[in-house]
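Notes for the structure review
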Amino acid sequence: AQKITQTQPGMFVQEKEAVTLDCTYDTSDPSYGLFWYKQPSSGEMIFLIYQGSYDQQNATEGRYSLNFQKARKSANLVISASQLGDSAMYFCAMRELNSGGSNYKLTFGKGTLLTVNP
Amino acid sequence: EAGVTQFPSHSVIEKGQTVTLRCDPISGHDNLYWYRRVMGKEIKFLLHFVKESKQDESGMPNNRFLAERTGGTYSTLKVQPAELEDSGVYFCASSQPLGGKGYRETQYFGPGTRLLVL
């Protein structure tokens, strides 16, 4: 079973509008972190935002916010006031801290290609 | 502060040849990770160093892949001999340990090395 599911291979949004990129996850570990990364056409992976499983409030970083619904196991990324430079691939990732405390790897979804139209 | 750097940015080799990828993490980051994205698939974890020690190499596909991190600084990933299915983008990431809250650690990625095996 997939641990991270991003159901939208591609999304389109008009400039200045808001867009939500979906991410659902699967874990039985009570301690985990959820991350969103942006990969523009140049190829680098840019960290955007983080949400911890114990965080009471949804994470926000500038125009990025994370709609964290723990019971539904979803961690959707919301980009407000889209800009042309937001066009990129977006990856949702999860890190689980297993009982041994040694598993720090990230598990990624397949990504969503966002295109911002002028 | 310099980010994670990787060299080369691109490599085209023939099947059976050897290729060595290099990663320089952010200065002071003890954790270093290698990931790979094969065309059309998710980004997959390969291995994790803590300083010079391999903490987790469960993602290494086979013994044609050898990773080292001499002196706990930069890391190399050697593929010998390369096969067609090794083509993809190899990412390196680094992070600073957060002790007992490791699941909150943010991994910072390099730009990746695009490997094409012909």
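Relevant structure appears above.
Residues numbered from 1 in each chain as written. Chains lettered and ligands numbered in written order. Predicted model: local features only at pLDDT ≥ 70, side-chain atom pairs only at ≥ 80, totals over all residues. Heavy atoms only, no water.

Next up on the list: the interface of chain B and chain A. Contacts between chain B and chain A engage 25 residues on the former and 29 residues on the latter. Around 2200 Å² of area is buried between chain B and chain A when both sides are counted, 56% of it from carbon and sulfur atoms. Counting across the chain B and chain A interface gives three residue pairs in polar contact (both at pLDDT 80 or more). It is strand 4 (residues 31-37) of chain B that contributes the most residues to the side of chain B that touches chain A, four residues altogether. Its residues assigned to classes, the side of chain B that touches chain A comprises nine nonpolar, ten polar and six charged. (Contact = heavy atoms within 4.5 Å. Buried area = accessible area lost by both parts, 1.4 Å probe. Polar contact = N/O pair within 3.5 Å; in protein donor to acceptor, adjacent residues only side chain to side chain. Helix = DSSP H or I, 4+ residues; strand = E, 2+ residues; numbered from the N terminus. Nonpolar A, V, L, I, M, F, W, Y, C, P; charged D, E, K, R; others polar.)

With that settled, the discussion passes to the nonpolar core. Residues Y25, W36, I49, L77, Y90 and L114 of chain A are the most contacted members of the largest nonpolar core, which totals 24 residues. Listing elements by their share of this core, those giving two or more residues are strand 3 (19-21), strand 5 (32-39), strand 6 (46-52), strand 8 (64-69), strand 9 (74-79), strand 10 (88-96) and strand 12 (112-117) of chain A. The element that contributes the greatest number of residues to this core is strand 10 of chain A, accounting for four residues. When sequence neighbours within four positions are dropped, the list of residues in contact with L114 of chain A reads M11, V13, V19, L21, I79, D86, S87, A88 and Y90 of chain A. Counting residues in each nonpolar core, the second largest holds 21 residues, with V19, L21, F65 and A67 of chain B among its members. (Core = buried A, V, L, I, M, F, W, Y, C linked by side-chain atoms within 4.5 Å. Buried < 20%, exposed > 50% of the residue type's maximum accessible area, 1.4 Å probe, protein only.)

Before going further, it helps to spend a moment on unusual backbone geometry. With an omega of -5°, the peptide bond between F7 of chain B and P8 of chain B qualifies as cis. On the secondary structure map, P8 of chain B appears in the loop between strand 1 (5-7) and strand 2 (10-13). The linkage connecting Q80 of chain B with the following residue, P81 of chain B, adopts the cis geometry, with an omega of -10°. Relative to the helices and strands, P81 of chain B resides in the loop between strand 8 (75-79) and strand 9 (88-95). Despite not being glycine, K73 of chain A shows a phi value in the positive range, around 55°. Checked against the element boundaries, K73 of chain A lands in the loop between strand 8 and strand 9. Backbone geometry places K51 of chain B, a non-glycine residue, at a positive phi of 55°.

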